[in-house]
Amino acid sequence: MTGYNVQFPSLNLNFHINPVAFSIGDFSVYWYGIIIGSGFLLALLYALKSLKRFGINRDGFFDCVLVGLICGIIGARAYYVIFRWDYYMANPSEILSIHNGGLAIYGGIIGGLLGGCIVAKIKKISIPAILDVAVLGFLIGQGIGRWGNFINQEAFGTPTDLPWGMLSENTDGVAVHPCFLYESLWCILGFFVLNYISKKYRKYDGQIFLMYLVWYGFERMIVEGLRTDSLYTPFLNLRVSQILAAATMIAGIVLLIVFRKRTVKAVDTYKGKDEKSDKSENTAQKSETVNAEKSETTDKNTNSDDNINNDEQKE
């Protein structure tokens with residue numbers, strides 16, 4: 001496979017896409033990895049710039065990111081394997097073969113958040129504040145990362161006659177819903193909306209996280225119903241991600257109502273510590289100044305007494 005011929009017939013758009021960005025000998029670098037890495041990097045840069053606004057310590061945050069990244073990869077793979085256990089039970093040697101694909105976004109989110117929150121607890125960082133920053137980063141990463149699905153021509157939907165229907169070799173020449181595009185646009189829009197709210201209207205730590213549950217859950221519940229590669233529950237013919245999306249959306253709405261009068265933010269504590277630190281520094285500086293003045297006065301008195309004694313000796 002040297003690439004895909006992707007078309008949007010009604011829009012008169014045609015693309016030839018090669019999943020391989022470049023090769024060095026037998027080693028190939030794929031656009032999918034570059035896109036995912038770019039999304040992660042931009043999310044990290046945004047988070048670093050926002051730490052002070054959320055009252056989060058930079059050193060502790062890096063520990064949360066490192067552990068969260070590892071747990072996210074493990075969670076994404078575990079989620080995928082669990083819901084395709086019939087296949088992996090028969091082929092256990094492929095459980096760790098993530099280079100062949102098979103990472104579920106919901107598993108990654110759950111694993112990443114759990115790992116990051118455990119570290120935040122150990123480092124005594126506000127977990128709700130970490131969640132707020134994390135989900136804003138997720139929206140950036142998801143908005144960019146979904147274009148990796150476009151490059152690989154995967155995660156598309158059922159046939160459609162809508163003007164933006166997409167077809168390629170992987171869709172058997174039939175125009176389908178470009179689900180990657182729906183989720184990418186929704187996540188990018190969600191980032192701008194929730195980022196604005198976080199700056200102007202955030203009342204308490206965890207509020208943006210709950211809004212993310214509602215925002216992303218609503219979109220995923222709908223778009224998952226269009227996809228043709230969904231994971232299903234073992235006992236019922238229900239899409240796992242659709243159930244999870246609906247559950248998180250409802251939970252988010254309920255908790256937003258429950259906590260509507262809450263007004264607790266780690267940044268207030270963060271500022272309080274800074275103010276106490278500043279006061280301590282000012283007190284220390286004043287004390288040093290007073291001691292210096294006293295020492296200077298003592299030296300002057302000593303010099304004056306020495307001069308008087310010298311004069312008396314001369315007389």
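As shown above, the structure is provided for reference.
Since we're looking at a predicted model, the values are computed, not measured. (Residues numbered from 1 in each chain as written. Predicted model: local features only at pLDDT ≥ 70, side-chain atom pairs only at ≥ 80, totals over all residues. Heavy atoms only, no water.)

## Notes on the pattern of salt bridges
- Within this structure, the stated rule accounts for six salt bridges.
- A salt bridge links Arg146 to Glu183, with the nearest nitrogen and oxygen atoms 3.1 Å apart. Taken as a pair, Arg146 in the loop between helix 5 (127–145) and helix 6 (147–152) and Glu183 in helix 7 (residues 179–200) lie far apart in primary sequence, 37 residues in all.
- For Arg146, a relative accessible area of 11% puts it in the buried group.
- Its salt-bridge partner being Arg202, residue Asp205 comes within 2.7 Å of it at the nearest N-O pair.
- Relative accessible area serves as the criterion here: at 7%, Arg202 is assigned to the buried category. (Salt bridge = Lys/Arg side-chain N within 4 Å of Asp/Glu carboxyl O. Helix = DSSP H or I, 4+ residues; strand = E, 2+ residues; numbered from the N terminus. Buried < 20%, exposed > 50% of the residue type's maximum accessible area, 1.4 Å probe, protein only.)

## Re the pairing of strand 2 (residues 13–17)
- Relative to strand 2, strand 1 (residues 4–8) runs antiparallel, the two sharing five bridges. Paired with Phe8 across the two strands is Leu13, which belongs to strand 2. (Pairing = 2+ DSSP bridges.)

## Re unusual backbone geometry
- A positive phi angle, near 60°, is found at Asn12, a position not held by glycine.
- Checked against the element boundaries, Asn12 lands in the loop between strand 1 and strand 2.
- A positive phi is found at Ala155, a non-glycine position, where the angle reads about 55°.
- By secondary structure assignment, the location of Ala155 is in the loop between helix 6 and helix 7.
- The class for Ala155 is buried, based on a relative accessible area of 7%.

## Details of the packing of aromatic side chains
- Tallied over the full model, the rule gives 18 aromatic pairs.
- Each ring, one from Phe8 and one from Phe15, has its centre 6.4 Å from the other, and the planes form 85°; the classification is edge-to-face.
- Judged by its relative accessible area of 37%, Phe15 falls in the partly exposed class.
- Between Tyr87 and Tyr88, the ring centres sit 5.0 Å apart and the planes meet at 90°, which makes this aromatic pair edge-to-face.
- Ring pairing ties together the aromatic residues Phe8, Phe15, Trp147, Phe150 and Phe180, which thus form one cluster.
- Arg262 extends its terminal NZ or CZ atom over the ring of Phe259, reaching a point 5.5 Å from the ring centre. (Phe/Tyr/Trp six-rings, centres within 6.5 Å; stacked < 30°, edge-to-face > 60°. Lys NZ or Arg CZ within 6 Å of the ring centre and 35° of its normal.)

## Comments concerning the environment of Trp147
- For Trp147, the location among the structural elements is in helix 6.
- When residues no more than four places from it in sequence are discounted, the contact partners of Trp147 are Ile35, Phe180, Leu181 and Ser184. (Contact = heavy atoms within 4.5 Å.)

## Points about helix 1 (residues 31–54)
- The end-to-end C-alpha distance of helix 1, which contains 24 residues, comes to 33 Å, matching closely the 34 Å that a straight helix rising 1.5 Å per residue would cover.
- Where helix 1 bends most, the angle comes to about 35°, and this point is Leu48.
- Among all positions in helix 1, only Ile35, Gly39, Ala43, Leu44, Tyr46, Ala47, Leu48, Ser50, Leu51 and Phe54 are buried.
- Backbone geometry just after helix 1 places Gly55 at a positive phi near 70°. (Expected span 1.5 Å × (residues − 1). Bend = angle between axes of the 7 residues up to and from the residue.)

## Concerning the environment of Ala43
- Tracing the backbone through its elements, the reader meets Ala43 in helix 1.
- The buried category is assigned to Ala43, whose relative accessible area is 12%.
- Aside from chain neighbours lying at most four places away, what touches Ala43 is Gly137, Ile140 and Gly141.

## Concerning the side chain of Ser184
- Within the secondary structure, Ser184 sits in helix 7.
- Looking at Ser184, the relative accessible area reads 0%, which means it is buried.
- At 2.9 Å, the side chain of Ser184 forms a polar contact with the side chain of Trp147. (Polar contact = N/O pair within 3.5 Å; in protein donor to acceptor, adjacent residues only side chain to side chain.)

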